[in-house]
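Breakdown of the fold
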Amino acid sequence: MAPPNLGDVMPNAELETTEGTFKFHDFIGDKWAILFSHPADYTPVCTTELGTLAKLVPEFDKRNTKVIALSVDSIEDHKGWSKDVSAFACIDTLPFPIIADKNRDLAVALGMLDPDEQTKEGLPATARCVFIVGPDKKLKLSILYPATTGRNFNEVLRVLDSLQLTAYHRVATPANWQPGDECMVTPGVKVEEQEKVFPKGVRTQEVPSGKAYLRFTPQPNI
């Protein structure tokens, strides 16, 4: 089975996790969800990543978004390493489950393996993947980092904000957009309906071609 593309329904795999066994779609429910994979437990960059992620869980909660992690380690290793991550993050316990994928079934199905990074057994480790999934269980965004590069979780929050905004309003977000900045009117919005769709107004920037496609509007209320 080929890895999911944007817009595909994510596999409803049965997950063995540090918080029990359940189906992925049941875990998501009617919320958004982010699935993070990491190369291995008891490794330095992964510890900083999951520690940072743990401290950001309240921000994901504000965005109606659940968080779950994955690697090809065992439940026992996950639980042991979670104590190290919690100590690094100065929290009591890890506030999200970690999936154990020892047989690599899910990692293979989702295209998560990094052939340039190997486990101590000589097998490909999981890369640093970010999958954002909507309440409809469809893949909305995927980012793939190599094992050597830790993720910027402020960027993950930024793209989540963009995805949620653009899912419910007829706007797109320009380069370097931050929440509260101007958005761009999507090409499908006709000029004659701009006033109705965007009561806060539309600003059109002139360009040499004379085409009125650079249209900006204040961010709609989320």
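Rules behind the numbers
- Residues numbered from 1 in each chain as written.
- Predicted model: local features only at pLDDT ≥ 70, side-chain atom pairs only at ≥ 80, totals over all residues.
- Heavy atoms only, no water.
- Pairing = 2+ DSSP bridges.
- Helix = DSSP H or I, 4+ residues; strand = E, 2+ residues; numbered from the N terminus.
- 1 Å grid on protein atoms, 1.4 Å probe; cavity = no way out; pocket = protein on both sides within 12 Å on 5 of 7 lines; lining within 4 Å.
- Points joined across faces, edges and corners; volume = space filled by probe spheres on them.
- Nonpolar A, V, L, I, M, F, W, Y, C, P; charged D, E, K, R; others polar.
- Phe/Tyr/Trp six-rings, centres within 6.5 Å; stacked < 30°, edge-to-face > 60°.
- Buried < 20%, exposed > 50% of the residue type's maximum accessible area, 1.4 Å probe, protein only.
- Lys NZ or Arg CZ within 6 Å of the ring centre and 35° of its normal.
- Expected span 1.5 Å × (residues − 1).
- Polar contact = N/O pair within 3.5 Å; in protein donor to acceptor, adjacent residues only side chain to side chain.

1. Here we look at the pairing of strand 9 (residues 139–145)
The pairing of strand 8 (residues 128–133) with strand 9 spans six bridges and is classified as antiparallel. Paired with Phe-131 across the strands is Ser-142, a residue of strand 9. Where strand 8 hands over to strand 9, the hairpin turn is made up of five residues, of which Lys-137 adopts a positive phi near 70°.

2. Concerning empty space enclosed by the protein
Where empty space is left becomes clear once a probe the size of a water molecule has been rolled over the atoms. Overall, the coordinates contain one cavity of 30 Å³ or more when judged by the stated rule. Roughly 30 Å³ of internal volume is contained in the largest cavity. In terms of lining residues, the largest cavity is bounded by Met-10, Pro-11, Ala-13, Leu-15, Phe-24, Leu-106 and Leu-110. Its residues placed into classes, the lining of the largest cavity shows seven nonpolar, no polar and no charged.

3. Quick notes on the packing of aromatic side chains
Under the counting rule described, the total for this entry stands at three aromatic pairs. Ring geometry for Phe-22 against Phe-27: centres 5.6 Å apart, planes inclined by 10°, an arrangement best described as stacked. Taking the centre distance of 5.5 Å and the plane angle of 55° together, the rings of Phe-36 and Phe-153 count as tilted. With a gap of 117 residues between them, Phe-36 in strand 3 (residues 32–37) and Phe-153 in helix 5 (residues 153–168) connect regions that are remote in the sequence. Its relative accessible area of 5% is what places Phe-153 among the buried residues. Through a chain of ring-to-ring contacts, the aromatic side chains of Phe-36, Phe-60 and Phe-153 assemble into a single cluster. Cation over ring: Arg-203 sits above Phe-216, and NZ or CZ is 4.3 Å from the ring centre.

4. Thoughts on the sheet that holds strand 10 (residues 171–172)
Neighbouring strands of a sheet are bound in pairs by backbone hydrogen bonds; such pairs are parallel or else antiparallel. Ordered in space as 10-11-13-12, the four strands form an open sheet in which the pairing is antiparallel. Sheet topology places strand 10 and strand 12 (203–204) at the edges, where each strand pairs with a single neighbour. Note that strand 10 and strand 11 (residues 183–185) share two bridges and pair antiparallel. Within strand 11, the residue paired with Ala-172 across the bridge is Met-184.

5. So, helix 5
Given a rise of 1.5 Å per residue, 16 residues ought to cover 22 Å, and the 23 Å separating the end C-alpha atoms of helix 5 matches this to within 8%. Sitting at the head of helix 5, Asn-152 places a side-chain oxygen 2.9 Å from the backbone nitrogen of Asn-154.

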